[in-house]
Number of protein chains: 4
Amino acid sequence: MEKVKSKFDTFRQNTNIIIYGTNTVAGRLFDLVLLAVIVFSVILVMLETVKEIDVKYHKELILLEWIITIFFTIEYILRIISIRKPLIYIFSFYGIIDLLAVVPMYFSLFFVGTSVLSILRSVRLLRLFKILRHPTFSNQSIHLKEALIASKGKIIIFIYFMMVSSVIIGSIMYVVEGDQGGFTSIPISIYWTIVTLTTVGYGDISPITPLGQSIASLVMIMGYGIIAVPTGIVSAEFASFRNKKATADKINPCPNCGVEGHEYNAKFCYNCGEKL
Amino acid sequence: MEKVKSKFDTFRQNTNIIIYGTNTVAGRLFDLVLLAVIVFSVILVMLETVKEIDVKYHKELILLEWIITIFFTIEYILRIISIRKPLIYIFSFYGIIDLLAVVPMYFSLFFVGTSVLSILRSVRLLRLFKILRHPTFSNQSIHLKEALIASKGKIIIFIYFMMVSSVIIGSIMYVVEGDQGGFTSIPISIYWTIVTLTTVGYGDISPITPLGQSIASLVMIMGYGIIAVPTGIVSAEFASFRNKKATADKINPCPNCGVEGHEYNAKFCYNCGEKL
Amino acid sequence: MEKVKSKFDTFRQNTNIIIYGTNTVAGRLFDLVLLAVIVFSVILVMLETVKEIDVKYHKELILLEWIITIFFTIEYILRIISIRKPLIYIFSFYGIIDLLAVVPMYFSLFFVGTSVLSILRSVRLLRLFKILRHPTFSNQSIHLKEALIASKGKIIIFIYFMMVSSVIIGSIMYVVEGDQGGFTSIPISIYWTIVTLTTVGYGDISPITPLGQSIASLVMIMGYGIIAVPTGIVSAEFASFRNKKATADKINPCPNCGVEGHEYNAKFCYNCGEKL
Amino acid sequence: MEKVKSKFDTFRQNTNIIIYGTNTVAGRLFDLVLLAVIVFSVILVMLETVKEIDVKYHKELILLEWIITIFFTIEYILRIISIRKPLIYIFSFYGIIDLLAVVPMYFSLFFVGTSVLSILRSVRLLRLFKILRHPTFSNQSIHLKEALIASKGKIIIFIYFMMVSSVIIGSIMYVVEGDQGGFTSIPISIYWTIVTLTTVGYGDISPITPLGQSIASLVMIMGYGIIAVPTGIVSAEFASFRNKKATADKINPCPNCGVEGHEYNAKFCYNCGEKL
């Protein structure tokens, strides 16, 4: 009995290392296989929604769907078994996503039409961001993240300003344009304002009265101009980050006179001539 | 009598502190409640314009509308009573907006269709910007404001250039395209030019002659390229602002006169000549 | 005779000062009046092209049109008379524009439909850029111009790259999409490519085959991404310009030890303590 | 026999210098002529696809087409003959392109409709980028290339993020909108997401349910905002590049060892300790 327990423990430990770890060859291989299967499963769901393909290859698609579902089910069970505190995993974001990725297929055995929920599986693609922790990218992605975090405050103000502006402009356009041109309600007008401010411009709704077109022109120029604000914020943040790194590279104080700011390849202090 | 007067005075003072102040708990709470009611009232006006909702819940919406109107009326009266110089408030921007937010509902008792003007209330959303004075954001929003003010001159030139270009390009397109494709008048052509220059591109009007499409291509490339100008201006302003702040961080105060901001390698105070 | 000549000379000289000069009150006033009349004349041409307005006020518009034409004619004659070398003015860019602004109306007396050419007058709006020479803006506009000139080389390469890419992508899309979706010829496909690359996106032509939509997606992401290139170029140019100015403000050498880089408000050298 | 061989060798050598070299007048002239013929041939293919022109001038176009094909064939043969290792050229990218540019016309003698493949010839336009190696532009284009290479890592992460987001958002929109508004399958929804995220906005597909429009609004704001990321990356890269150059300009060489790049206030060489 003891032996069985310990054997199971060894199995759990090994599984844990393979599934959660990234330091062993097996662990890295598992990650790669898992990512490949996730990508494949998402492509599968995509193809199922294309009518022409679904009509022709319905059976094959369903078969593959079941294979993937069983693969994901086994993975889910192994994840629960091998972790020390299964409840933390089960109720974590990824735990719920992993469950939602398999449940719809089993449901579809009893209820018609629920297989469409397999699309939830595409959220598993988020696991692909794990790749950013790879040494090739980790520096770059940390850099990106820090710059975005540093500009968070200004970006919140900016989005806040955009939202309030959208509501006000949307209300004005609703009064000005009326039902003509598609401004049938304020929410629709606000939707139009965002479409215009962001320079997307579908054209499903567009002003037709001269006054409406004049206001629309102002909104467009405003949208065209204020893109400069988030861009400027993030650019400055990136540039400052680069400078900081450049400065940090240069501190390097002189042991004799203490003057700092020597180039990384300096051999002598530029102030007192002391050897560095 | 004296006592009543003084009692009223105390009431006025307290009301003033609550309504206009932000230093007491009651004052902050009032601000939050007011902002919530404003947001709610705007959502209400929005829903009223959506036909399906209005048909179903017309009575409920009108009831809520009156509750909010009465709330805003009381607020308006309290604002007038509690301030020392009521006329300054009444004729201030916010004073007029606050009045316009309640008047339409009372008018709607006598005139049909004026309740649509309640939309003016959405301008009260501007009060939401008060939140930017909150310590979490105030630094950031000052920063944003300063950068925008510093680039004001260049941005005016830029908008001026855009407007003159739009008129000239619009006139040319009117001659080139004629009535085909929707270029029915020069103002419409100018509207199209702005839609194109800002890369919005509704597609409600689009050139159909080869020459018109060629000119349109040039306008698009121009619009695509010159977005770089406002972006560059604002980016440079933000970056320069950041650098200035970085310099200010090198505080290093003088022991004699207390002046700060000496370079890291300064030996003497630049203000009093004292040795550092 | 001599006296008449000299009287005419004085008139010429005064006229020259008023028309071409900007140093006297009369000269500045003339500029302002001229700009106002130009703006008014352009608005007039605009209104004439709006059918509803033209039908109602045809006579009034024609009358105003003639008043402006005569005003511009007198201005044109005065410009020729008062300048020392009239031919240089007549064949200069502005000289030709000034002539083209009046000729169409006189032509319309003999030929029907030529009054539409009055639109050429809108090119006179370019004179509005004269305002940029005003002290309030001159620094800013010089700054803008220098930054754009400095990035000229890179921007030419960029536009060159865009054009070659457009031709290649346009050709590919023509083959892929065929006549479906509006890709009826390569020039039209190139037009579509520019509409897409610049993120304008009218939607008058849009791909409908899966392959075409995939290529279109790549083109969009490319267009979305490479906007960063001109923006980056101009931003860097602006930023470098600002830095140069900041550095120039700081040279300020010490008379004793010659160390440079003192702040503009420094009273003592930070290196030797000498009074500046 | 020997003499003939050597004559042929001389011919080969001269041809090589003219075709592949750019140092002789003849070599430069050949490049210019070739580029002109390529541009002309591409314009020719373009015109052939415009029905109105093709109907009118079919014979003339075909004639010109054959002249160009023969010119390109001779060029292709000369390139093979004159190079030392013909196979390397034949299987190089440009070698294949050069072959594909002439083959379709010969095929069209035997198979109907293959002349449309002449469009492949437009890929020869890539040779136009050779102009970037010209001294006027080479510095600028190297600068551009280096900045883009330096930001490569971050841009890959960015595109990766965009792609994963597009799949997830596309799947959500498919579920939310259903067949209404054109979201007929997930691939189409992803196409719509890219059209929206990049702010192109054709409007061929656009959401019509309130929930769909709300999500679309978020996607637009996201797309509008994250353009700041690539722009910021490239701007910072350009700016840093400029600064590096500015630093290199502070040459200030050491009289002893000749090392350059000393700070303006350096007293001793950072390399050999010599007094400056």
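Residues numbered from 1 in each chain as written. Chains lettered and ligands numbered in written order. Predicted model: local features only at pLDDT ≥ 70, side-chain atom pairs only at ≥ 80, totals over all residues. Heavy atoms only, no water.

K.L.:
Help me get a handle on the UniProt feature "transmembrane region" (unreviewed entry) in chain A, residues and values and all.
P.N.:
In the UniProt entry, the feature "transmembrane region" (unreviewed entry) is given for residues 32–50, 62–81, 87–120, 155–176, 182–203 and 215–236 of chain A. Segment residues 155–176 of chain A splits into 100% helix and 0% strand. End C-alpha atoms: 31 Å apart. (UniProt positions renumbered as here; feature names shortened; annotations may be inferred. Helix = DSSP H or I, 4+ residues; strand = E, 2+ residues; numbered from the N terminus.)

K.L.:
Would you mind going over the pattern of salt bridges in detail, with residue names and values included?
P.N.:
Scanning the entire structure with this criterion turns up 16 salt bridges over all chains. Across the pair Arg79(B) and Asp98(B) runs a salt bridge, and its minimum N-O distance is 3.9 Å. Taken together, the residues span a long stretch of sequence, with Arg79(B) in helix α3 (residues 51–82) and Asp98(B) in helix α5 (residues 93–107) at a distance of 19 residues. Asp98(B) matches Arg79(B) in its accessibility class, with the two residues each being buried. Across the pair Glu75(D) and Arg124(D) runs a salt bridge whose closest N-O atoms are separated by 3.0 Å. In this pair, Glu75(D) is assigned in helix α3 (residues 51–82) and Arg124(D) in the loop between α5 (93–107) and α6 (135–150), connecting sequence segments 49 residues apart. Pair check on accessibility: Glu75(D) and Arg124(D) agree, each one buried. Put simply, Glu75(A), Arg79(A), Asp98(A) and Arg124(A) are held in one network by salt bridges that share partners. (Salt bridge = Lys/Arg side-chain N within 4 Å of Asp/Glu carboxyl O. Buried < 20%, exposed > 50% of the residue type's maximum accessible area, 1.4 Å probe, protein only.)

K.L.:
Run through the domain arrangement of chain A, naming residues and quoting values.
P.N.:
Along its sequence, chain A is carved into domain 1 (7–132) and domain 2 (147–251). The C-alpha-based centres of domain 1 of chain A and domain 2 of chain A are spaced at 39 Å. (Domains from an automatic or database assignment.)

K.L.:
Residue-level account of the packing of aromatic side chains, with values.
P.N.:
Applying the stated criterion across every chain, the model contains 26 aromatic pairs over all chains. Seen in terms of ring centroids, Trp66(A) and Tyr106(A) are 5.6 Å apart; in terms of plane orientation they differ by 65°. Their pairing is edge-to-face. With Trp66(A) in helix α3 (residues 51–82) and Tyr106(A) in helix α5 (residues 93–107), this pair connects stretches of sequence that are 40 residues apart. Aromatic ring contacts, followed pair by pair, group Tyr20(A), Tyr76(A) and Tyr89(A) into a single cluster. Taking the ring centre of Tyr20(B) as reference, the NZ or CZ of Arg79(B) above it sits at 5.4 Å. (Phe/Tyr/Trp six-rings, centres within 6.5 Å; stacked < 30°, edge-to-face > 60°. Lys NZ or Arg CZ within 6 Å of the ring centre and 35° of its normal.)

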